[in-house]
Amino acid sequence: MALSASTNLSHPVAEVTETFVSADFLRHISEMVGGSLVSVQQEGDVDGPFTLTVVRNIPTTRLPDIARKMLGEFLNVTQTEQWQAPESDGSRTVNVGVKIAGAPVDVAAVQKLVSEGGSTRVDLEGEVTSGIPFLGGKIASAAEPMLGKALRIQAEQAEAWIAGRA
């Protein structure tokens, strides 16, 4: 199932980047959706290329009943982000992979933080796949709009987070 979402933030890419990789912000987002942040590991400096690995426990309450029965109350989600060095205008490209423990659902996406003057456009393009026979397509298509919604929530919360620190 194809994934495509876009949103805008009224802050420069560097501030958005700092927010998106902040353990405190990641914890806030995880708890906001009823989950918890298990761990955050960053390899490399945010000023250049780096890798961020985030592990969360996320509730399954918004999944279809059949998926909740198979997966239980929470999902252990590992998100690996490979951030490329900033371009000359500050824009960033991030290769994102998401693995869900105990569920054959994978996300492979490219997130772009595009500098637009003093603001940032966040574009996300990717693919949600599931290897469950007969149900895989249904699970992947249920996950796709949830990921688009997650991007919007992340952007809204980042706006408030940055404004609160100003």
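Below: a short report on this structure. (Residues numbered from 1 in each chain as written. Predicted model: local features only at pLDDT ≥ 70, side-chain atom pairs only at ≥ 80, totals over all residues. Heavy atoms only, no water.)

### Some thoughts on the overall build of the protein chain
For the record, the criterion: Under the DSSP-based scheme used, a helix requires at least four consecutive residues in state H or I and a strand at least two consecutive residues in state E, with every element numbered from the N terminus. Under the scheme applied here, a residue whose accessible area is under 20% of the maximum for its type counts as buried, over 50% as exposed, and between as partly exposed, the area being computed with a 1.4 Å probe on protein chains only. In what follows, a contact means two residues having at least one pair of non-hydrogen atoms within 4.5 Å. Surface accessibility in these figures is a Shrake-Rupley result with a 1.4 Å probe; residues are shielded only by whichever protein chains are displayed.
Across its full length, the protein chain holds 4 helices and 7 strands. For the protein chain, the α and β elements follow one another from N to C terminus as β-α-α-β-β-α-β-β-β-β-α. Burial statistics for the protein chain: of 166 residues in total, 43% are counted as buried. By sequence separation, contacts in the protein chain at least 24 residues apart represent 52% of the contacts at least 6 residues apart. As displayed, the protein chain offers around 8500 Å² of accessible surface, 53% of which is attributable to carbon and sulfur atoms.

### Brief notes about the pairing of strand S5 (residues 92-100)
Using the following cut-off: Two strands make a pair as long as DSSP finds a minimum of two bridges between them.
Inspection of the sheet shows strand S4 (residues 74-83) paired to S5 by 7 bridges, in the antiparallel sense. Across the sheet, glutamine 82 pairs through a bridge with asparagine 95, a residue of S5. From the end of S5 to the start of strand S6 (residues 103-116), which pair antiparallel, there are 2 residues, and glycine 102 there has a positive phi angle of about 80°.

### Notes on the nonpolar core
Which entries qualify depends on this criterion: Definition used in this section: a nonpolar core is a set of buried Ala, Val, Leu, Ile, Met, Phe, Trp, Tyr and Cys residues joined via side-chain atoms within 4.5 Å.
Counting 33 residues, the largest nonpolar core has Phe20, Leu52, Trp83 and Leu113 as its most contacted members. Tallying contributions element by element places S6 first for this core, with 5 residues. Not counting the four nearest positions on each side in its chain, leucine 113 is found in contact with Val13, Val16, Thr17, Phe20, Trp83, Ser91, Arg92, Val94, Thr120, Arg121 and Val122.

### Topic: the pattern of salt bridges
The criterion, for reference: The rule for a salt bridge is simple: a side-chain nitrogen of Lys or Arg has to be within 4 Å of a carboxyl oxygen of Asp or Glu.
As enumerated under the stated definition, the model contains 4 salt bridges in all. Note that arginine 27 is salt-bridged to aspartate 24, the shortest N-O span being 3.3 Å. Of the two residues, arginine 27 and aspartate 24 both sit in helix H2 (residues 23-32), 3 residues apart, roughly one turn of that helix. For arginine 27, a relative accessible area of 34% corresponds to the partly exposed category. Using a relative accessible area of 48% as the deciding quantity, one classes aspartate 24 as partly exposed. Between aspartate 123 and arginine 121 there is a salt bridge whose closest N-O contact spans 2.9 Å. Classification of arginine 121 by relative accessible area gives partly exposed; the value is 26%. Each of Glu116, Arg121 and Asp123 takes part in a single network of salt bridges with overlapping partners.

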